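Results of the structural survey
Residue-level listing of the chains:
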Amino acid sequence: MKKKVCLRTFGCQMNMADSEIMAALLKEEGYALCDSEAEADLVLLNTCAVRDNAVQKIRHQLDQLKGQKRARPGLMVGVTGCVPQYYRDELFAISDAVDFIAGPDSYRNLGSLVRRASEGERVADLEFRSAESYADIEPLRQEGISAFIPVMRGCNNMCAYCVVPFTRGRERSRPMSSVLLEASRLAEQGYREITLLGQNVNSYHDIEAAAGFPVLLDEVAKRVPGVRIRFTTSHPKDMSPRLVEAIASNTNICTTVHLPVQSGSSSMLARMKRGHSREEYLEKVGMIKQTLPGVTLSTDLISGFPGETAHEHEETLSLLREVRYDYAYTFCYSVRPGTSAAEQLEDDVPESEKKRRLQEIIDLQNGISRELFQADIGKVVEVLAESESRRSSLQLMGRTEGNRVVVFDRAGYRPGEIVKVRISSATSATLVGIPA
Ligand code: SAH
Ligand code: SF4
Ligand code: F3S
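The chain is annotated in an unreviewed UniProt entry as tRNA-2-methylthio-N(6)-dimethylallyladenosine synthase from Prosthecochloris vibrioformis. UniProt lists a comment for the chain under the heading Subcellular location (unreviewed entry), and it reads "Cytoplasm". Its UniProt record gives the chain a comment under Sequence similarities (unreviewed entry), which states: "Belongs to the methylthiotransferase family. MiaB subfamily."

Okay, here's the thing in structure tokens:
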């Protein structure tokens, strides 16, 4: 009988894509995927270390797995991804449920790690392999409408607060030819949407093909004209006019950009080592809006980074009013030992104040989102239907090109179809309508 692996994924989309790569590699080792820890011979936690609460979640999971291991001593538990890369061997001391650990560049060795661990050795592979891009591995994807293609890995930016450069290592890009091949294959398999992924996707660079991200995006879009193309996450410094023109000149590239800003204050952005000012960021936003009429934008924001003054916080609020994002992912600053902020700056904004400011950001943003969504009432929008709606089997849910979630009457349509929907009502997060 086949051995079973239960793979639990935490953190960002890169981790989700990595889990699909791990699933493919483990299939070669004779494992079948299963959904519950109770049936599994092997449980893998693919983890995130970006904030302390992400790590607490893993501790909690490991506590639960300890009970399972007691009941079934043959059960193996591996921790992969960013937590082991960040905590290194210390992770073994944090929980005795951990049999082995593997960092993001070590997944080809999973099979041998499991074998050695099952002989009783607590093994770790945390080597950085800066040439590793898993370009030759065909990820084992869930069937569906949307697929990820990771195109680059790692980050060279060293923002003051962030662990990602320490957990993911140096930037490296896949050959463009391998991305194009994968895109064609996905289109043949019936996927209707492809998201190109990278921690800094727009610093993609294929040296041999002398192709940067605008070229890659353009080529992918032309290779699979019937498929919607998205990409994430973009860094403002690499948001070039050429990239925006590539979006404008291909109708299948969605006119939506996730452009993390972190703060609306230039003095704060300098302390965060983001490499751009408020003004430079707003200039890029202006260029994007001008070239891509109707574009939707989203962002990431951190509240309460060291030294944040009331004025700097106000500047973040005013930037939100100026840009008018569709959505913002918002976080309280979390000290990450080893980062330059943790070493050099005092975490001096009290927790309660971080939360108060965060709430102010969320309230303002929700109001803006609601206004933007309500402005769609009466309009007809194109929706890629993804699945049955959570509330009713008589409705489908999907997204507009701008990534707005739409729930609409099924009326005989099926997931995977593009449907024209007339919007009749809206909240700050969802549009509701009927096929036009
Ligand atoms: N590569 C992307 C995303 C990195 S992590 C980028 O450069 O934008 C995702 C988000 O987590 C970041 O954009 C940031 O808003 C948040 N984040 C990272 N480190 C953090 C920390 N120490 N505390 C709070 N939020 C953090
Ligand atoms: Fe972290 Fe900055 Fe790199 Fe994004 S660009 S992953 S925030 S260091
Ligand atoms: Fe988290 Fe690692 Fe992604 S720290 S955000 S899972 S790159």
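The discussion continues.
1. Observations concerning the packing of helix α9 (residues 241-248) against helix α11 (residues 278-291)
One way to put it is that α9 packs onto α11 with a least axis distance of 10 Å and a crossing angle of 25°. One way to sum up the angle between α9 and α11 is to call them roughly parallel. The hand of the α9/α11 crossing is right-handed. Contact residues: P241, V244 and A248 in α9; M287, I288 and T291 in α11.

2. What to know about the pattern of salt bridges
For the coordinates displayed, the defined rule picks out 34 salt bridges. Of the charged contacts in the structure, one is a salt bridge between E322 and R278, with a shortest N-O distance of 3.6 Å. Of this pair, E322 sits in helix α12 (residues 310-323) while R278 sits in helix α11; the two residues are 44 residues apart in sequence, bridging distant segments of the chain. Across the pair D376 and K379 runs a salt bridge, and its minimum N-O distance is 3.5 Å. Each of the salt bridges in this network shares a partner with another, and the network as a whole consists of E308, E353, R356, R357 and E360.

3. Quick word on the site of ligand 1
The environment of ligand 1 is formed by 15 residues, the closest being Y161, Q199, Q262, D300 and S334. At 3.0 Å, a backbone N or O of Y161 approaches a nitrogen atom of ligand 1. Note that an oxygen atom of ligand 1 is positioned 2.6 Å from one of the side-chain N or O atoms of Q262. Here ligand 1, which alone exposes 540 Å², has 91% of that area covered by the protein. Where the shell around ligand 1 is concerned, the elements lending two or more residues are β15 (296-303) and β16 (327-332). Residues of the shell around ligand 1, tallied by class, amount to seven nonpolar, four polar and four charged.

What counts, and at which threshold
- Residues numbered from 1 in each chain as written.
- Chains lettered and ligands numbered in written order.
- Predicted model: local features only at pLDDT ≥ 70, side-chain atom pairs only at ≥ 80, totals over all residues.
- Heavy atoms only, no water.
- UniProt positions renumbered as here; feature names shortened; annotations may be inferred.
- Axes fitted to C-alpha atoms, helices over the stretch in contact; angles between N-to-C directions.
- Helix = DSSP H or I, 4+ residues; strand = E, 2+ residues; numbered from the N terminus.
- Parallel < 35°, antiparallel > 145°, perpendicular 65-115°, else oblique.
- Left-handed = near helix turned anticlockwise from the far one by under 90°.
- Contact = heavy atoms within 4.5 Å.
- Salt bridge = Lys/Arg side-chain N within 4 Å of Asp/Glu carboxyl O.
- Near = heavy atom within 4 Å.
- Polar contact = N/O pair within 3.5 Å; in protein donor to acceptor, adjacent residues only side chain to side chain.
- Areas by Shrake-Rupley, 256 points an atom, 1.4 Å probe, with all protein chains shown as cover.
- Nonpolar A, V, L, I, M, F, W, Y, C, P; charged D, E, K, R; others polar.

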